[in-house]
Amino acid sequence: AGVSQRLEKMTGNSPFLLYTMLMAVLKACLYRYTGSSTIVVGSPAYRRDEETNEQADPLVMIDDIDEQQTFREFLMTVRETLSEAYARQSYPLNNLVKDLEFEQVENKCPLFDIALVLKEIHCELPQVKNDITMIFERTPDAVRGSIFYNPQLYRRESIARFAGHFVNVLRSAVDNVNAPIAALEMLSAEERRQILTEWNDTTAHPSSL
């Protein structure tokens, strides 16, 4: 709830800016996981009419990350990416796959592995066989989220750890939006302790002669 309150203050109660923040945090987190400077995340189509929630082709949000840029700078980049994509969201997904000459793989989304949804602004995400879907909604007391995943690829504890890392990066970004992306804290205190003490134990045991 504390992080949600700071999010509300940062985004001015705008659902689009909230989604921009969540997308930027997710991409920063995925960058830390993969080491890839190009991060691809799927998004449902933007719902123009509040009364409708029809399915529409999802969109592909692609951003390049420089870990030395501030999170605020990256946030502006992500906002521009989203705005441009939603302005062109009528382009069919199948046409995009054909244009890019991507190989179709059975039971696999050819364009993205993970999708991000904010119920307040998005159409329903169709079944495109991506591996992970994060769905958020605003409630009177907090921003809440759920993660749906392919159990054939991920264990529950792995997804729970990923969720914790996402929240840690979100909290770090909210606390210091001008911090470089590389400085955003992803690990929990326990994980940091484990790295510093257990995994970094270089004490050599003398061998017997």
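Quantities reported herein were computed from a predicted structural model and do not represent experimental measurements. (Residues numbered from 1 in each chain as written. Predicted model: local features only at pLDDT ≥ 70, side-chain atom pairs only at ≥ 80, totals over all residues. Heavy atoms only, no water.)

## Re the confidence of the model for the chain
Here is step 1 of the chain: Model confidence for the chain is summarised by a mean pLDDT of 87, while 89% of its residues fall at 70 or above.
Here is step 2 of the chain: Element-level pLDDT for the chain is lowest in helix 6 (residues 189-199), with a mean of 73, against a maximum mean of 97 in strand 3 (residues 114-118).
Here is step 3 of the chain: Confidence over residues 204-209 falls short of pLDDT 50; this stretch has 0 contacts with residues more than four positions distant or in other chains. (pLDDT = per-residue confidence, 0-100. Helix = DSSP H or I, 4+ residues; strand = E, 2+ residues; numbered from the N terminus. Contact = heavy atoms within 4.5 Å.)

## Looking at the pattern of salt bridges
Here is step 1 of the chain: Summed over all chains, the structure comprises 8 salt bridges.
Here is step 2 of the chain: Here Glu120 makes a salt bridge to Arg138, at a shortest N to O gap of 2.7 Å. A residue pair is termed long-range when its members are at least 10 positions apart, and Glu120 in the loop between strand 3 and strand 4 (132-138) and Arg138 in strand 4 qualify at 18 residues.
Here is step 3 of the chain: Here Glu157 makes a salt bridge to Arg155, at a shortest N to O gap of 3.5 Å.
Here is step 4 of the chain: What makes Arg155 exposed here is its relative accessible area of 52%. (Salt bridge = Lys/Arg side-chain N within 4 Å of Asp/Glu carboxyl O. Buried < 20%, exposed > 50% of the residue type's maximum accessible area, 1.4 Å probe, protein only.)

## Here's the deal with the pairing of strand 2 (residues 59-64)
Here is step 1 of the chain: The two faces of strand 2 differ: Leu59, Met61 and Asp63 on one face are buried, but Val60, Ile62 and Asp64 on the other face are not.
Here is step 2 of the chain: Sheet topology places strand 1 (residues 38-43) next to strand 2; 6 bridges connect them, and they run antiparallel. Paired with Val41 across the bridge in strand 2 is Met61. (Pairing = 2+ DSSP bridges.)

## Comments concerning the nonpolar core
Here is step 1 of the chain: Judged by nonpolar contacts, the single largest core of 49 residues is most densely connected at Leu26, Phe71, Leu116 and Met134.
Here is step 2 of the chain: Broken down by element, this core gets its largest block of residues, 13 residues, from helix 2 (residues 15-34).
Here is step 3 of the chain: Sequence-distant contacts of Met134, that is, excluding residues within four places in its chain, are made with Leu26, Ile114, Ala115, Leu116, Val117, Ser146, Ile147, Phe162 and Phe166.
Here is step 4 of the chain: Within the second largest apolar cluster, 9 residues are counted, among which are Cys109, Ala115, Val117 and Val128. (Core = buried A, V, L, I, M, F, W, Y, C linked by side-chain atoms within 4.5 Å.)

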